[in-house]
Amino acid sequence: MIGAQAAPAAHPVRFDVAYPLRLSRGRTLLRLPLAVPHLIVLYLLQAVASLLALFSWFALLFTGRFPASMFEFVSGVLRWQLNVLAYLELMRDEYPPFSFEAGEYPLRFDVPRAARQSRLRLFTRWIAVLPNYVVLQFVLLASVLTGFIAWWAILFSGRYPRGLFKFNVGALRWFARTTSYALMLRDEYPPYSLKQEAAPGWEWPSFGAGIVLFGAYVATIAVIALAANHGPTATVERAWLTKPSALAAVQPTAEHHGLRLTLFAYRAAGAGPAPAPVGDEWVETTLFAEAAGAREVEFEPALVRLAGCDGTRYEPWDADRRGAVSLAPHAGRTPQDIAFIVPADAEMCALEYRRSGLLGPRITFKFE
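Predicted, not measured: the structure shown is a model, and the values here were computed from it.

Q: Please explain unusual backbone geometry as it appears in this structure.
A: With the exception of glycine, the majority of residues adopt a negative phi angle, and the majority of peptide bonds are in the trans configuration. Even without being glycine, L90 reaches a positive phi, approximately 70°. Checked against the element boundaries, L90 lands in the loop between α2 (68–88) and β2 (107–110). In this model, Q251 sits at a positive phi of 50°, which is unusual for a non-glycine residue. With respect to the helices and strands, the residue Q251 is situated in the loop between α7 (244–250) and β4 (253–256).

Q: Would you mind showing me how to read the sheet that holds strand β3 (residues 233–236) here?
A: The pairing of strands in a sheet comes from backbone hydrogen bonds and takes either a parallel or an antiparallel form. Ordered by their spatial adjacency, five strands build an open sheet running β3-β13-β12-β8-β9, and the pairing between neighbours is mixed. Sheet topology places β3 and β9 (313–314) at the edges, where each strand pairs with a single neighbour. One ladder, built from five bridges, connects strand β12 (residues 348–354) with strand β13 (residues 362–367); its direction is antiparallel. By the bridge assignment, A350 is partnered in β13 with K366.

Q: For this particular structure, what's the right way to read the packing of α2 against helix α4 (residues 162–182)?
A: Packed helices, taken two at a time, are described by the angle their axes make and the gap between the axes. One way to put it is that α2 packs onto α4 with a least axis distance of 11 Å and a crossing angle of 160°. Judged on the interaxial angle alone, α4 and α2 are roughly antiparallel. For the crossing formed where α2 meets α4, the hand is right-handed. Here L78, Q81, L82, L85 and A86 of α2 come into contact with α4, specifically with L172, F175, A176, T179 and S180. Grouping the amino acids of the contact of α2 with α4 by side-chain chemistry returns seven nonpolar, three polar and no charged.

Q: Can you help me understand the packing of aromatic side chains in this one?
A: Within a pair of aromatic rings, the relevant descriptors are the distance that separates the centres and the angle that separates the planes. If you walk through the whole model with that rule in mind, you get 22 aromatic pairs. Relative to F98, the ring of W80 has its centre 6.0 Å away and its plane inclined at 90°; by these criteria the two rings are edge-to-face. Residue W80 is located in helix α2, and its partner F98 is located in the loop between α2 and β2; the two are separated by 18 residues in the primary sequence. Accessibility expressed as a relative area gives 6% for W80, which makes it buried.

Q: In this structure, what is going on with the nonpolar core? I would like to understand it.
A: Nonpolar side chains tend to gather and get buried jointly when the protein is soluble and globular. Counting residues in hydrophobic clusters, the biggest one holds 44 residues, and the most contacted among them are F15, L82, M91, F109 and Y160. Elements supplying a minimum of two residues to this core: β1 (14–17), α1 (25–63), α2, β2, α3 (121–157) and α4. Top contributing element to this core by residue count: α2, with nine residues. Not counting chain neighbours up to four residues away, the residues in contact with Y160 comprise Y19, L23, E89, L90, M91, G147, A150, I154, F165 and N168. Counting 30 residues, the second largest nonpolar core, distinct from the first, contains W240, L259, L261 and A291.

Q: In this structure, what is going on with the pairing of β2? I would like to understand it.
A: On β2, burial follows the alternation: L107 and F109 on one face are buried, whereas R108 and D110 on the facing-out side are not. Examined bridge by bridge, β1 and β2 share four bridges and lie antiparallel to one another. Counted as the bridge partner of V17 is L107 from β2.

Q: Looking at this structure, I do not really get the pattern of salt bridges. What am I missing?
A: In a structure, side chains of opposite charge can pair up when their charged atoms sit close to one another. For the structure shown, the criterion picks out 18 salt bridges. The closest approach of N and O atoms between R14 and E197, which form a salt bridge, is 2.7 Å. With R14 in strand β1 and E197 in the loop between α4 and α5 (203–228), this residue pair connects regions lying 183 residues apart in the sequence. Residue R14 is classed as buried on the basis of its relative accessible area of 15%. The exposure class of E197 is exposed, given its relative accessible area of 54%. R186 is the salt-bridge partner of E188, the closest N and O atoms lying 2.8 Å from each other. Classification of E188 as partly exposed rests on a relative accessible area of 24%.

What counts as what
Residues numbered from 1 in each chain as written. Predicted model: local features only at pLDDT ≥ 70, side-chain atom pairs only at ≥ 80, totals over all residues. Heavy atoms only, no water. Helix = DSSP H or I, 4+ residues; strand = E, 2+ residues; numbered from the N terminus. Pairing = 2+ DSSP bridges. Axes fitted to C-alpha atoms, helices over the stretch in contact; angles between N-to-C directions. Parallel < 35°, antiparallel > 145°, perpendicular 65-115°, else oblique. Left-handed = near helix turned anticlockwise from the far one by under 90°. Contact = heavy atoms within 4.5 Å. Nonpolar A, V, L, I, M, F, W, Y, C, P; charged D, E, K, R; others polar. Phe/Tyr/Trp six-rings, centres within 6.5 Å; stacked < 30°, edge-to-face > 60°. Buried < 20%, exposed > 50% of the residue type's maximum accessible area, 1.4 Å probe, protein only. Core = buried A, V, L, I, M, F, W, Y, C linked by side-chain atoms within 4.5 Å. Salt bridge = Lys/Arg side-chain N within 4 Å of Asp/Glu carboxyl O.

By themselves, these observations are geometric and do not establish any function.
Rendered as structure tokens:
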């Protein structure tokens, strides 16, 4: 017909699984334990494949070609992974071979090596794949749910419902294409489709969406980190630091994420638990720690820091020997003596507690 346009070519990565007429009920129950040896081997192989993909990035940058031997290894590891996934998802009863080779399992995975590949995509690929990967997670979640339904169907009938089988093969096909693109095996963008004959997807619109997703991720992490760095602050007058009785009488207190800390004592000690190096001195503090809510919390003395006014943080002298303390609700205050070695001429501006992790409590006693 005049003016008719040819349909776009299908994506070059091909994947399919032969439909089984009957499946074993017994193997359905034992599938995961039987696959454990494969999962262990695959864990090691995938680490090697990731390293080779990194080396191949430089080869592609300088030559425009994925080295043939590395291509065979990386694509072979992916084939092995797909064999095991098909077995785990009950698509076949045959035990997967410990092999990279095609044709040894009733599953087809073809990823032809391209003669030349784009250098530009080396810098855009991992941003462009982000929206595809996000959508794929929902597809794989649906695959898990339909696989659970299929598990019961196989137990009762010995058959994998064809509609569910077709969907789950399509989900693995999507996974195979997305992974091939991420590993730089092919330049063609993975389609947002389960179909075998689907054409390559929309790469540059996906790249734009990927920038938005990446920006949103970075912004979310920044907001979480900012929130974690702005915990409660208790003001401590410097005059109290030189008068132990005054500090003990005031007892500045701050509370965050169910943990309440009270600064009870602060003193520069001439002789601490051990001799201080020349030019340094001991500073000894006492904190009362308690659970402020209805649940148990932990306090880690090793994470308390004495902050100098120049920005230097000093950790407890015995931090490597201090373990976490469990604080039960309504158990009262637990005293913790924490000592630091600091330069004798350094001025201290704060005592801080920040639990490891972005969402851990951060409590500051600021000296003014």
